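# A structural walkthrough
Listed below, chain by chain, are the residues.
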Amino acid sequence: MRYSDFVIRIEDTDQSRKVEDAEKNLISTLEWAGIIPDESPLHGGNYGPYVQSQRLSIYRDYCTQLLEDKNAYYCFSTSEELEENRQLQLKQGLQPKYNRTWLPEEMGGNMPESEIRKKLDEGVPYVVRMKVPDYVSVWFEDLIRGPVEFDSSTIDDQVLMKSDGFPTYHFASVIDDHLMEFTHIIRGEEWLPSMPKHLLLYEFFGWEAPKFAHLPLLLNADRSKLSKRQGDVAVEDYIRKGFSPDAIVNFVALLGWNEGEGSEQEVFSMDELIQKFSLERVGRAGAVFNVEKLNWLEKQYIKTRPVERIVSAIKPLLLKELQEKPFEMPEERITSDAYLEQVVDLMRERVNYEHEFVTYSNYFFFEPESYDAEAVEKRWTSEIPGLLREFASVLESSEDFGAEAIEAALKAFVAPKGLKPAVLIHPLRIATSGVGFGPSLYHMLEVLGKETVIRRVQRGIERIGQSA
RNA sequence: GGCCCCAUCGACUAGUGGUUAGGUCAUCACCCUUUCAAGGUGGUAGCACGGGUUCGAAUCCCGUUGGGGUCACCA
């Protein structure tokens, strides 16, 4: 069942802030997350164009209407004059507000019509401002916050059309939301203070306003509005780190929303979210973006993701690595699905991101370049090389190189000598992987294969030697 | 500063007048164990404060404090 349409409209009314490819990146990031627009500049739709800079004539027409209805007026004040006025008001302890120099006489101001005509005829650049009525109460019911009320006397005569002929966000968005028949505006709480301006515009045009929901803000650790300068903010930053769409979507959904009614579920698929999400269950307080829980969620998904999916995701990464670094084992073998599936199964509970199946598990593909000094220090004693050499020849002659067989062989080897398996287990791990941690040793050796294991043990002995 | 929003463990939150205030992440301890993880068990930790309303307030009302947002020819 289809509940709604999701429309992307590009609000590019500030020419000075144009960013190359921003629009394409935005849409592709959403698609990465599995959020596909029904209508957008790239997807088409019946309400286009979906780019505001291509709708300029529409805004001009509606602006003319407002001007004729005396709900808006021309303003020729320069930014210097505006700034001067602001400073003056500040000095007098007043709230900075446009002083309505250019409000026409017939709208209750002091500017004669002739003066305005003159400026217009001279071609002096101007701006169009909305005439905010004095002392009226503007009220609406927010879907998340309930009733909110404003006094119009606290709001400024908002600029609707800029001197470059482009509309401001406030003007363009109201017009487009109406023309595109939006039923719900769901946006960040930072927009709440501009509600009265928007509501007044709907009133001027005689349009029914859509439903509004102002979402709680995402916060930095210090509880300020999430921003650059304080770590990663853009989804792209998290993509780059290796987070999956599953985890990101799940995590963000939980920031401000919860299923409620005693539910203790933390992991939600996109389908579940679509089915269960509701604005009624969105909280009102801002939520700190805490990466630790995101990390945990990512691991949850890695643990349960079908092995084939992981394999196909990591294979390109591996192929690239193999091109850049020398490797010892046959390429067909280590790039085969069967081999990779074994690696994934051994490592999936130990990695944080998918790309770590290649990087963190590099010894499944490359011979160790070095041996962890701390582990060597702790586990590599002077008798180890001898024992290892001896055990290697045991392995050499064994026909079964399965994990269980290796385990049995090691125990049988070590027992008569009165040694514990651990004495050999750790050095074997160091010699074959280069590090002191990892999956079950026996299973790891089985996956690496007899030839590789024996070769690496010999190389390890040569390179680590009696050093410890 | 004006206006607006908000307020339960360190973080995300459940809770809608009567609960030993629950869960998740993080953290600590223990167990499991060849390492690292994963897993299991248990623990530390919270209703900002003050007034009301009520037999009874985390829950309702008022105030205080605190935090945030916003006050552009930016969105």
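What you see is a predicted model, and the numbers here were worked out from it, not measured in a lab.

A word on the packing of helix α16 (residues 384–397) against helix α20 (residues 450–464). Direction vectors running N to C along α16 and α20 enclose 165°, while the axes themselves pass 10 Å from each other. By the criterion of interaxial angle, the relationship of α16 to α20 is roughly antiparallel. In this structure, the crossing between α16 and α20 has a hand that is left-handed. Touching Pro385, Leu388, Arg389, Ala392, Leu395 and Glu396 of α16 are Lys450, Val453, Ile454, Val457 and Ile461, all from α20. Among the residues making up the contact of α16 with α20, the classes are represented as eight nonpolar, no polar and three charged.

On to the nonpolar core, then. Grouped burial of nonpolar side chains is what soluble globular proteins tend to show. Within the largest apolar cluster, 55 residues are counted, with the highest numbers of intra-cluster contacts made by Tyr339, Phe364 and Phe365. Counting 33 residues, the second largest nonpolar core, distinct from the first, contains Leu56, Val128, Leu160 and Leu201.

Our focus in this paragraph is the pattern of salt bridges. Applying the stated criterion across every chain yields a total of 28 salt bridges. For Glu328, the salt bridge identified is with Arg456, shortest N-O distance 2.3 Å. Here the residue Glu328 occupies a position in the loop between α11 (307–324) and α12 (331–334), and Arg456 occupies one in helix α20, the gap between them amounting to 128 residues. In this structure Arg456 comes out as buried when scored by relative accessible area, which is 1%.

Another point: the packing of helix α18 (residues 421–433) against helix α19 (residues 441–448). Packing of α18 against α19 brings their axes to within 11 Å, and their N-to-C directions diverge by 35°. Between α18 and α19 lies a crossing whose hand is left-handed. Residues Ile425, Leu428, Arg429, Thr432 and Ser433 of α18 lie in contact with α19, whose contacting residues are Leu441, Tyr442, Met444, Leu445 and Leu448. For the contact of α18 with α19, the per-class residue count stands at seven nonpolar, two polar and one charged.

What follows concerns the pairing of strand β6 (residues 184–188). Here β6 pairs with strand β7 (residues 211–215) via five bridges, running parallel. Paired with Gly188 across the strands is Leu215, a residue of β7. Running through helix α6 (residues 195–205), the crossover from β6 to the neighbouring parallel element β7 is right-handed.

Tracing the sequence through the fold places Lys131 in the loop between β2 (127–130) and β3 (137–142). Expressed as a C-alpha distance, the spacing of Lys131 and Lys197, which sit 66 residues apart in the sequence, is 10.0 Å. For Lys131, the residues in contact, after removing those within four places along its chain, are Lys70, Asn71, Ala72, Tyr73, Arg100, Leu103, Met107, Asp157 and Phe204.

This part is about the pairing of strand β4 (residues 146–151). Where a strand is regular, its side chains alternate between the two sheet faces. Pairing of β3 with β4 involves six bridges; the strand directions are antiparallel. Across the sheet, the residue bridging to Val138 is Phe150, located in β4.

Summed over the entire model, instances satisfying the criterion amount to 20 aromatic pairs. Arranged with centres 5.5 Å apart and planes meeting at 75°, the rings of Tyr62 and Trp207 form a pair that is edge-to-face. On the criterion of sequence distance, the pair formed by Tyr62 in helix α2 (residues 56–68) and Trp207 in the loop between α6 and β7 is long-range, its members being 145 residues apart. By relative accessible area, which is 19% here, Tyr62 ends up buried. Ring plane angle 50° and centroid distance 5.8 Å describe the contact between Tyr238 and Phe243, whose orientation is recorded as tilted. An identical accessibility class is assigned to Tyr238 and Phe243; each is buried. One aromatic cluster is present, formed by Tyr238, Phe243, Phe251, Phe289 and Tyr353 through successive ring pairs. Between Lys417 and the ring centre of Phe413, over which it is positioned, the NZ or CZ distance is 4.3 Å.

With that out of the way, let us pick up the protein's contact with RNA strand B. In the vicinity of RNA strand B, 60 residues are found, and the nearest of them are Asn258, Glu349, Arg350, His426 and Gly438. Sugar and phosphate atoms form 74% of the subset of RNA strand B atoms that lie within 4 Å of the protein. For RNA strand B, a sugar or linking oxygen lies 3.1 Å from a polar atom in the side chain of Asp14. At 3.3 Å, a side-chain N or O of Ser440 approaches a base oxygen of RNA strand B.

Here chain A is partitioned into domain 1 (235–303), domain 2 (305–364) and domain 3 (373–464). On a C-alpha basis, the centroid separation for the pair domain 1 and domain 3 is 43 Å.

Once that is clear, we can look at the environment of Asp157. Relative to the helices and strands, Asp157 is located in the loop between β4 and β5 (159–161). Here the alpha-carbon distance between Asp157 and Lys197, two residues 40 residues apart in the chain, equals 8.7 Å. Those residues in contact with Asp157 that lie beyond four places of it in its chain are Tyr73, Tyr98, Arg100, Arg129, Met130, Lys131 and Val132.

Turning next to unusual backbone geometry. Looking along the chain, the bond that leaves Gly48 and enters Pro49 is cis, with omega of -5°. Counting through the fold element by element, Pro49 comes out in the loop between α1 (22–32) and α2. Even without glycine at this site, Tyr135 takes up a positive phi of about 50°. One can find Tyr135 in the loop between β2 and β3. Residue class for Tyr135 comes out exposed when judged on its relative accessible area of 68%. If you check the backbone angles, Arg223 has positive phi at about 75° while not being a glycine. Residue placement: Arg223 occurs in the loop between β8 (218–219) and α7 (235–241).

The rules behind these values
Residues numbered from 1 in each chain as written. Chains lettered and ligands numbered in written order. Predicted model: local features only at pLDDT ≥ 70, side-chain atom pairs only at ≥ 80, totals over all residues. Heavy atoms only, no water. Axes fitted to C-alpha atoms, helices over the stretch in contact; angles between N-to-C directions. Helix = DSSP H or I, 4+ residues; strand = E, 2+ residues; numbered from the N terminus. Parallel < 35°, antiparallel > 145°, perpendicular 65-115°, else oblique. Left-handed = near helix turned anticlockwise from the far one by under 90°. Contact = heavy atoms within 4.5 Å. Nonpolar A, V, L, I, M, F, W, Y, C, P; charged D, E, K, R; others polar. Core = buried A, V, L, I, M, F, W, Y, C linked by side-chain atoms within 4.5 Å. Buried < 20%, exposed > 50% of the residue type's maximum accessible area, 1.4 Å probe, protein only. Salt bridge = Lys/Arg side-chain N within 4 Å of Asp/Glu carboxyl O. Pairing = 2+ DSSP bridges. Right-handed = clockwise from strand over helix to strand, strands pointing away. Phe/Tyr/Trp six-rings, centres within 6.5 Å; stacked < 30°, edge-to-face > 60°. Lys NZ or Arg CZ within 6 Å of the ring centre and 35° of its normal. Near = heavy atom within 4 Å. Polar contact = N/O pair within 3.5 Å; in protein donor to acceptor, adjacent residues only side chain to side chain. Domains from an automatic or database assignment.

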